[in-house]
Amino acid sequence: MIKSIIFDLGGVIITLDPPEAIRRFKALGLADAEQQMDSYTQGGIFGELEEGKISAETFRQELSRQTGREVTYDECRHAWLGYAKEVPQRNLDILRKLRSEGYRLILLSNTNPYMMSWVRSPDFDGHGHSIDDYMDAVYCSYQLGVMKPDTEFFHQVLMRERIMASESLFLDDGARNVAVASQMGIRTFCPENGEDWTAEIYDFLM
């Protein structure tokens, strides 16, 4: 029986728009934005930020060096938020419903301080609520110092939550992440970015 549902953020709860994020970073002067940025495996300073190897301020400084101009915190944040195309209301509604049905909801995300400054703010859902109003627990790669698909990320969540893999469902739009979780005994569901998964999820909760 599934008792806990572990959600990815980008591509599942939030619909991602990678081309817009790339466009915004290019507008800041980052010529090789495509090479450094990937929705699932960030590289260079992008990966270092999401893995917690560098701070948001160090990222800003290094981006300034790479672009040859002083980039502000707000400019960095605006560029990162280019990834967030929309937060479908249907996703928020089903999160509320699942919690009311007794499931424990957990967020497990490869993300960074810039994105989470919005996700964990009252601006997140457009109604004055942050992601914390929809989740029982939030685990971010930059805070734990490890990224999906590393098994250590999943191990840490299972251990901290004191939940069993066999009683957990994991939703992620990244095939590699889902494959690793499945190998660990976690039930998995891999919807595509932006797909409406709100009805199909119940097929995995049976």
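None of the values given here were measured: they were computed from a predicted structure.

Attention now moves to the overall build of the protein. Summing up its helical and strand segments, the protein has ten helices and seven strands in all. A compact globule built from 206 residues should have a C-alpha radius of gyration of about 17 Å, and the protein, at 17 Å, falls within 12% of that. If you line up the protein on its principal axes, its C-alpha atoms span 55 × 35 × 25 Å. Per-residue burial over the protein gives 53% buried out of 206 residues.

Glancing now at helix H9 (residues 151–161). Every buried residue of H9 is listed here: Phe153, Phe154, Gln156, Val157, Leu158 and Glu161. Capping of H9 at its N-terminal end is provided by Asp150; its side-chain oxygen lies 2.8 Å from the backbone amide nitrogen of Glu152. Arg162 sits one or two residues past H9 and shows a positive phi near 55°.

On to the nonpolar core, then. In terms of nonpolar packing, the biggest core is built from 54 residues, with Ile5, Phe7, Ile13, Phe25, Phe59 and Ile201 touching the most fellow members. Residues within four places of Phe59 in sequence aside, it is in contact with Phe25, Ile45, Phe46, Leu49, Ile54, Cys76, Trp80 and Tyr114. In this structure, Leu108, Ala137, Phe153 and Ile163 belong to the second largest nonpolar core, which totals 18 residues.

Because an α-helix packs 3.6 residues into every turn, residues spaced three or four apart end up facing the same way. Among the residues of helix H5 (residues 73–80), Cys76, Ala79 and Trp80 are the ones counted as buried. Viewed along the axis of H5, the buried residues span an arc of 100°, placing them on a single side of the element. Elements in contact with the buried residues of H5: helix H1 (18–27), helix H3 (44–50), helix H4 (56–67) and helix H7 (113–119).

Where H1 contacts H5, the axes come no closer than 8 Å and their chain directions differ by 155°. Judged on the interaxial angle alone, H5 and H1 are roughly antiparallel. Between H1 and H5, the residues in contact are Ala21, Arg24 and Phe25 and Cys76, His78, Ala79 and Trp80, respectively. Considering only residue class, the contact of H1 with H5 consists of five nonpolar, one polar and one charged.

Here we take up the packing of H4 against H5. Where H4 meets H5, the closest approach of the two axes is 10 Å, and the angle between their N-to-C directions is 90°. When the interaxial angle is binned, H4 and H5 end up roughly perpendicular. Contacts between H4 and H5 involve Phe59, Arg60 and Leu63 from the first element and Tyr73, Cys76 and Trp80 from the second.

All chains considered together, the criterion is met by 16 salt bridges. Linking Lys97 and Glu101 is a salt bridge whose minimum nitrogen-to-oxygen distance equals 2.7 Å. Residue Lys97 is classed as partly exposed on the basis of its relative accessible area of 39%. What you see here is one network of salt bridges that share partners, running through Asp8, Lys148 and Asp172.

The rules behind each value
- Residues numbered from 1 in each chain as written.
- Predicted model: local features only at pLDDT ≥ 70, side-chain atom pairs only at ≥ 80, totals over all residues.
- Heavy atoms only, no water.
- Helix = DSSP H or I, 4+ residues; strand = E, 2+ residues; numbered from the N terminus.
- Rg over C-alpha atoms; globule rule 2.2 N^0.38 Å.
- Buried < 20%, exposed > 50% of the residue type's maximum accessible area, 1.4 Å probe, protein only.
- Polar contact = N/O pair within 3.5 Å; in protein donor to acceptor, adjacent residues only side chain to side chain.
- Core = buried A, V, L, I, M, F, W, Y, C linked by side-chain atoms within 4.5 Å.
- Contact = heavy atoms within 4.5 Å.
- Arc of directions from axis to C-beta.
- Axes fitted to C-alpha atoms, helices over the stretch in contact; angles between N-to-C directions.
- Parallel < 35°, antiparallel > 145°, perpendicular 65-115°, else oblique.
- Nonpolar A, V, L, I, M, F, W, Y, C, P; charged D, E, K, R; others polar.
- Salt bridge = Lys/Arg side-chain N within 4 Å of Asp/Glu carboxyl O.

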